[in-house]
Amino acid sequence: MPEIIEAEITKQKLTLALKGKRILNFWTDWPKGLYSEAGGVKKTKAAIEGSKIKHIERMGKAVVIKLEGGNVLALHQRMSGHIRLMARSDIAKYKHAHFKFELSDGNCMALIDPRKFGTVWFGSEAWFDRQNYIKNLGHDVLRIDKIDFVEILASSSASVKSFLLKQDKLAGLGNIACDEILWKAKINPERKVESLTKTEASKIYSAMHKVLADVLRHGGTSMSDWYHPDGKKGSYQDNFKIYKKTTCSRCGSRVKKIKIAGRGTYFCPVCQK
């Protein structure tokens with residue numbers, strides 16, 4: 001469920017809490033979720049312990065922690081995960097903490113992931129840049145300008161909704177944001193990208209920035225498993241305009257739900273003809 005804004009909020013809060021700290025201990029009970037240039041869990045543990053955190057970035061939906069010495073520790077929260085900071089004495093409370101990093105300030109960072117979909121990478125920057133998720137990322141939706149966005153949208157015969165979900169084209173959007181954006185732009189999610197006019201593509205771009213700014217203002221979406229690193233919850237789920245609604249927030253018509261690209265998709269058949 002965490003999308004680009006949830007990853008951005010996580011990055012911002014981790015930056016304030018982690019910069020300058022050292023990782024003293026690493027533990028995992030889910031080695032399948034670990035991709036490490038060093039090798040398995042034992043070798044990764046030996047390589048990562050003692051590393052000092054320089055700064056934190058975001059790439060798509062991944063939170064990227066840059067370490068002194070040139071290594072990278074990156075975490076992707078995937079469908080059900082969130083990154084939590086806590087006192088070391090509290091870690092036992094979290095039975096789904098499958099990756100734990102004890103820090104030099106007495107706290108612990110953990111990837112809490114009930115469904116075990118999360119991913120952790122560790123290795124050099126050059127190695128990390130070659131990982132499939134990273135090397136295939138498209139334009140970041142928080143940084144792309146309108147000209148590039150409109151140009152990208154002119155290059156596909158896919159439906160608008162499925163195209164916006166393609167991380168190799170536009171990195172960061174998820175199912176919730178796409179439905180909210182297309183509702184705001186008054187564009188039917190089944191429309192073919194190639195059928196959009198430049199004016200319509202510009203409307204989607206404008207709607208995207210307005211929706212993402214609104215999600216950020218509400219602290220992200222916390223429907224079930226996602227929380228801020230400090231344990232706070234976002235409230236955008238209380239402000240949906242179309243996602244999981246039964247009636248349209250704009251015209252009051254009955255909302256229709258269909259599947260596009262395997263995702264439950266909500267739209268208004270009146271506003272989004």
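Quick notes on the rules
- Residues numbered from 1 in each chain as written.
- Predicted model: local features only at pLDDT ≥ 70, side-chain atom pairs only at ≥ 80, totals over all residues.
- Heavy atoms only, no water.
- Helix = DSSP H or I, 4+ residues; strand = E, 2+ residues; numbered from the N terminus.
- Contact = heavy atoms within 4.5 Å.
- Expected span 1.5 Å × (residues − 1).
- Buried < 20%, exposed > 50% of the residue type's maximum accessible area, 1.4 Å probe, protein only.
- Core = buried A, V, L, I, M, F, W, Y, C linked by side-chain atoms within 4.5 Å.
- Pairing = 2+ DSSP bridges.
- Axes fitted to C-alpha atoms, helices over the stretch in contact; angles between N-to-C directions.
- Phe/Tyr/Trp six-rings, centres within 6.5 Å; stacked < 30°, edge-to-face > 60°.
- Polar contact = N/O pair within 3.5 Å; in protein donor to acceptor, adjacent residues only side chain to side chain.

Asks: Even after reading the chapter, I still don't get the environment of Lys 169, so can you show me in this structure?
Replies: The residue Lys 169 is located in the loop between helix 6 (160-164) and strand 11 (170-171) in this model. Along the chain, Lys 169 and Arg 263 lie 94 residues apart, while their C-alpha atoms are 18 Å from each other. If near-sequence neighbours (up to four positions away) are discounted, Lys 169 is found in contact with Gly 138, His 139, Ile 152 and Phe 163.

Asks: Just to check I follow, could you spell out helix 1 (residues 4-18) for this structure?
Replies: It helps to recall that an α-helix has 3.6 residues per turn; residues three or four apart then point in one direction. Over its 15 residues, helix 1 runs 20 Å from end to end, which matches the ideal 21 Å to within 8%, given 1.5 Å per residue. Listed in full, the buried residues belonging to helix 1 are Ile 4, Ile 5, Glu 6, Ala 7, Glu 8, Ile 9, Thr 10, Lys 11, Leu 14 and Leu 18. Positive backbone phi, approximately 90 degrees, marks Gly 20, located one or two places after helix 1.

Asks: Would you explain the nonpolar core in this entry?
Replies: Taken as a class, soluble globular proteins show a tendency for nonpolar side chains to be buried jointly. Residues Phe 149, Leu 153, Leu 164, Leu 170, Leu 173, Ile 204 and Met 208 are the most contacted members of the largest nonpolar core, which totals 44 residues. Those elements that provide at least two residues to this core are helix 1, helix 5 (146-153), helix 6, helix 7 (175-185) and helix 8 (198-217). For this core, the element with the highest residue contribution is helix 8, accounting for eight residues. Residues within four places of Ile 204 in sequence aside, it is in contact with Phe 149, Leu 153, Val 160, Leu 164, Ile 181, Leu 182, Ala 185, Ile 187 and Leu 196. Within the second largest apolar cluster, 21 residues are counted, among which are Ile 23, Phe 26, Leu 34 and Ile 56.

Asks: Could you clarify how one ought to interpret the sheet that holds strand 7 (residues 97-103) in this entry?
Replies: Sheets are built from strands paired through backbone hydrogen bonds, the pairs being either parallel or antiparallel. Ordered by their spatial adjacency, four strands build an open sheet running 1-7-8-6, and the pairing between neighbours is antiparallel. This sheet does not close on itself; its edge strands, each paired only once, are strand 1 (23-28) and strand 6 (82-87). Averaged over neighbouring strand pairs, the angle between their axes works out to 20 degrees when direction is ignored. Both strand 7 and strand 8 (residues 107-112) contribute to a ladder of five bridges, which runs antiparallel. Residue pairing for strand 8: Phe 99 is matched across the bridge by Leu 111. Of the strands in this sheet, strand 6, strand 7 and strand 8 are in contact with helix 1, which crosses strand 6 at around 25 degrees. Here helix 2 (residues 41-48) sits on the sheet in contact with strand 1 and strand 7, set at roughly 165 degrees to strand 1.

Asks: Help me out: how do you make sense of the packing of aromatic side chains in this one?
Replies: Any two aromatic rings considered together are summarised by their centre-to-centre distance and by the angle between their planes. What the rule picks out here adds up to seven aromatic pairs. Consider the rings of Tyr 243 and Tyr 266, whose centres lie 5.2 Å apart with planes at 70 degrees: the pair is edge-to-face. Of this pair, Tyr 243 sits in the loop between helix 8 and strand 12 (256-260) while Tyr 266 sits in strand 13 (residues 263-267), and the two are 23 residues apart along the sequence.

Asks: What exactly am I supposed to notice about the environment of Asp 140 here?
Replies: On the secondary structure map, Asp 140 appears in strand 10 (residues 139-140). In this structure Asp 140 comes out as buried when scored by relative accessible area, which is 10%. Sequence separation of Asp 140 and His 82 is 58 residues, and the distance between their C-alpha atoms is 21 Å. Filtering out sequence-adjacent residues up to four positions away, Asp 140 remains in contact with Ile 4, Arg 58, Gly 60 and Ala 171. Within the local environment of Asp 140, its side chain forms a polar contact with the side chain of Arg 58, the two groups lying 2.7 Å apart.

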